[in-house]
Amino acid sequence: MNESNDTIAIVGAGFSGAVIGRELAEAGYNVEIFESRSHIAGNCHTERDSETGVMVHKYGPHIFHTANEEVWSYINKYTEMVPYKNRVKAVYDGDVYSLPINLHTINQFFGKTLSPKEAKTWIESKADLSIEAPETFEEQALRFVGKELYEAFFKGYTQKQWGLHPSELPASILKRLPVRFNYDDNYFNHPYQGMPKNGYTEIVAKILDHKNIKVHLETSFSPEARKNYRHTFWSGPLDAFFNYQHGRLGYRTLDFKRSVEEGDAQGNAVINYTEEKVPFTRITEHKHFAPWEEHDKSVIYHEYSRLCEEGDIPYYPIRLAGEIEMLKTYEDSAATIQDVTFVGRLGTYRYLDMDVTIAEALEAAKAFLNSSKKN
């Protein structure tokens, strides 16, 4: 290891670690990145399926979307972003619907031909307006879309995804899901949306391609080793840094059942299965994430959600009352450590989209560089 005062240690070779590493490398620092997995790009890792040739999102679909022009410009420096709209479908009670809930969903579900104004009035008549300040996921759904739509599209799916009844989850989870009174079925509403033409791993590889950056794959980093470096950026699990001394923060993880079919398997990239009696949450067909490519075969994944156990890959922080209390204890401990910056989804125990991850990584690098100038 290089024990120079200008060497930075970064734990994790996902977007957080790569972006910070590149910014510091360009500022003249030597950077060593430690990645416990056998590949870079973290949960955004993409690779060609050996049987079908399809570009597969190994840890589940990632669609790039942002309103941050700086982040959009940054990502375009390292790849060609192809315009892409995520149009999700949902299967409920033998029918296929469009998500997020929009005018087509409403008319189809209720057997109506409502105009936007009529649909808004109709949904308001279904909503439970007695719930003035929703605190739970269930109250939020009942307040804004009513019992029928809640039970069809949110209740069962949410229970499978989180392993908890929606009455046990905070309302904030549902605030990300809009209801639209037009026929717009674009799942996201950000101005910049796209897919990298050659996958996400190529982007991270290009970001890491700098003479001052050295990447160690299949290499764990002990928190004690930070004494050999000027500063450490930790994008691993926050609780792991402290050897779980206050307990393990809760996550959900995903299991994937892979299968290959001839031609087009389901006709769409993502189809949710919203009923609780169906054991999986959704089926993803990855060749539809790259519609500019042609493949004779198709690889699909049935996605199952469960509680993350030791040795599993953490995906979604649970962030219920117990976890938030534990998180505060870890955050207080982290605040006392001057030579470590905790970054990314795992390092801050938050669900972060890729654009936010990149924006925060750029800010973390900038903060470090500004602080170094003062010193």
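About the thresholds
- Residues numbered from 1 in each chain as written.
- Predicted model: local features only at pLDDT ≥ 70, side-chain atom pairs only at ≥ 80, totals over all residues.
- Heavy atoms only, no water.
- Disulfide = S-S within 2.5 Å.
- Helix = DSSP H or I, 4+ residues; strand = E, 2+ residues; numbered from the N terminus.
- Buried < 20%, exposed > 50% of the residue type's maximum accessible area, 1.4 Å probe, protein only.
- Polar contact = N/O pair within 3.5 Å; in protein donor to acceptor, adjacent residues only side chain to side chain.
- Contact = heavy atoms within 4.5 Å.
- Salt bridge = Lys/Arg side-chain N within 4 Å of Asp/Glu carboxyl O.
- Phe/Tyr/Trp six-rings, centres within 6.5 Å; stacked < 30°, edge-to-face > 60°.
- Pairing = 2+ DSSP bridges.
- Axes fitted to C-alpha atoms, helices over the stretch in contact; angles between N-to-C directions.
- Parallel < 35°, antiparallel > 145°, perpendicular 65-115°, else oblique.
- Left-handed = near helix turned anticlockwise from the far one by under 90°.

Asks: Just give me the short version of the state of the cysteines, but keep the residues and values in it.
Replies: In the structure shown here, the tally under the stated rule is zero disulfides. With no disulfide of its own, Cys44 has Cys308 as its nearest cysteine by sulfur position, at a separation of 17 Å.

Asks: Tell me about the side chain of His65, residues and numbers included.
Replies: Considering the arrangement of structural elements, one finds His65 in strand S5 (residues 64-66). On the accessibility criterion, His65 (8% relative accessible area) is buried. A polar contact is formed between the side chain of His65 and the side chain of His190, at a distance of 2.9 Å. With residues up to four places along the chain from it excluded, the contact list for His65 reads Phe188, His190, Tyr192, Gln193, Asp353 and Asp355.

Asks: Tell me about the pattern of salt bridges, residues and numbers included.
Replies: Enumeration according to the criterion identifies 20 salt bridges in this entry. For the salt bridge of Asp184 with Arg180, the shortest nitrogen-to-oxygen distance reads 3.9 Å. Among the ionic contacts, a cluster of salt bridges with common partners joins Asp49, Glu51 and Arg258.

Asks: Could you give me a rundown of the side chain of Thr158, with the residues and numbers involved?
Replies: Structurally, Thr158 can be placed in helix H6 (residues 146-162). Relative accessible area serves as the criterion here: at 5%, Thr158 is assigned to the buried category. Apart from the residues within four sequence positions on either side, Thr158 is in contact with Phe137, Gly163, Leu164, Pro166 and Leu169.

Asks: Break down the packing of aromatic side chains for me, with residues and values.
Replies: Inspection of the entire model under this criterion finds 31 aromatic pairs. Taking 6.2 Å as the distance between ring centres and 55 degrees as the angle between the ring planes, the aromatic pair formed by Trp162 and Tyr316 counts as tilted. Residue Trp162 is found in helix H6, and its partner Tyr316 is found in strand S16 (residues 316-317); the two are separated by 154 residues along the sequence. Since its relative accessible area comes to 16%, Tyr316 is described here as buried. Each ring, one from Trp234 and one from Phe241, has its centre 5.0 Å from the other, and the planes form 85 degrees; the classification is edge-to-face. Three or more aromatic residues link up through ring pairs in this structure, and these residues are Tyr92, Tyr97, Phe109, Phe110, Trp122 and Phe153.

Asks: Can you lay out the sheet that holds strand S12 (residues 251-262) for me, pointing to particular residues and giving the numbers?
Replies: Taken together, seven strands build an open sheet; the order of strands is S8-S7-S13-S14-S15-S12-S16 and the sheet is mixed. On the outer flanks of this sheet lie strand S8 (95-99) and S16, each paired with one strand and no other. Bridge analysis of strand S14 (residues 282-285) against strand S15 (residues 297-307) gives four bridges, and the strand direction is antiparallel. Each bridged residue has a counterpart across the sheet, and for Ile283 the counterpart in S15 is His302.

Asks: Summarise the packing of helix H1 (residues 15-26) against helix H7 (residues 200-208); cite the residues concerned and give the values.
Replies: Between H1 and H7, the shortest axis-to-axis distance is 8 Å and the interhelical angle comes to 25 degrees. Classified by the angle their axes make, H1 and H7 are roughly parallel. Judged by the twist between their axes, the crossing of H1 over H7 is left-handed. Counting all contacts with H1, which are made through Phe15, Ala18, Val19 and Arg22, the residues of H7 involved are Tyr200, Ile203, Val204, Lys206, Ile207 and Leu208.

Asks: Pulling in residues and values, what's your account of unusual backbone geometry?
Replies: Cis geometry is found at the peptide bond from Leu99 to Pro100, where omega equals -5 degrees. Its place among the elements puts Pro100 in the loop between S8 and helix H3 (103-110). Despite not being glycine, Tyr244 has its phi angle at roughly 60 degrees, a positive value. Counting through the fold element by element, Tyr244 comes out in the loop between helix H8 (238-241) and S12.

Asks: So what about H3? Which residues, and what values?
Replies: Along H3, the residues classified as buried are Leu103, Thr105, Ile106, Asn107 and Phe110. N-capping of H3 is provided by Asn102, with a side-chain oxygen placed 2.8 Å from the backbone N of His104. Count one or two residues on from H3 and you reach Gly111, which has phi positive near 65 degrees.

Asks: Could you give an account of the sheet that holds strand S17 (residues 340-342), with specific residues and numbers?
Replies: Paired through their backbone hydrogen bonds, the strands of a sheet run either parallel or antiparallel. Read from one edge to the other, the open sheet built from five strands follows the order S10-S2-S1-S11-S17, with strand pairing classed as parallel. At either margin of the open sheet sits one strand with a lone partner, and together these are strand S10 (213-216) and S17. In this sheet, neighbouring strand axes are inclined to one another by 20 degrees on average, regardless of whether the strands run parallel or antiparallel. Here strand S1 (residues 7-11) runs beside strand S11 (residues 231-234); their pairing, made up of four bridges, is parallel. By the bridge assignment, Ile8 is partnered in S11 with His231.

Asks: Go over the pairing of strand S7 (residues 88-92), please, and point to the residues and values.
Replies: Summarising the sheet, S7 and S8 pair through five bridges and their orientation is antiparallel. The residue bridging Val88 from the neighbouring strand is Leu99, located in S8. Connecting S7 to the next strand, S8, in antiparallel fashion are two residues, including Asp93 with a positive phi near 50 degrees. Examined bridge by bridge, S7 and strand S13 (residues 270-273) share three bridges and lie parallel to one another. When the bridges of S13 are listed, Ala90 appears paired with Asn272.

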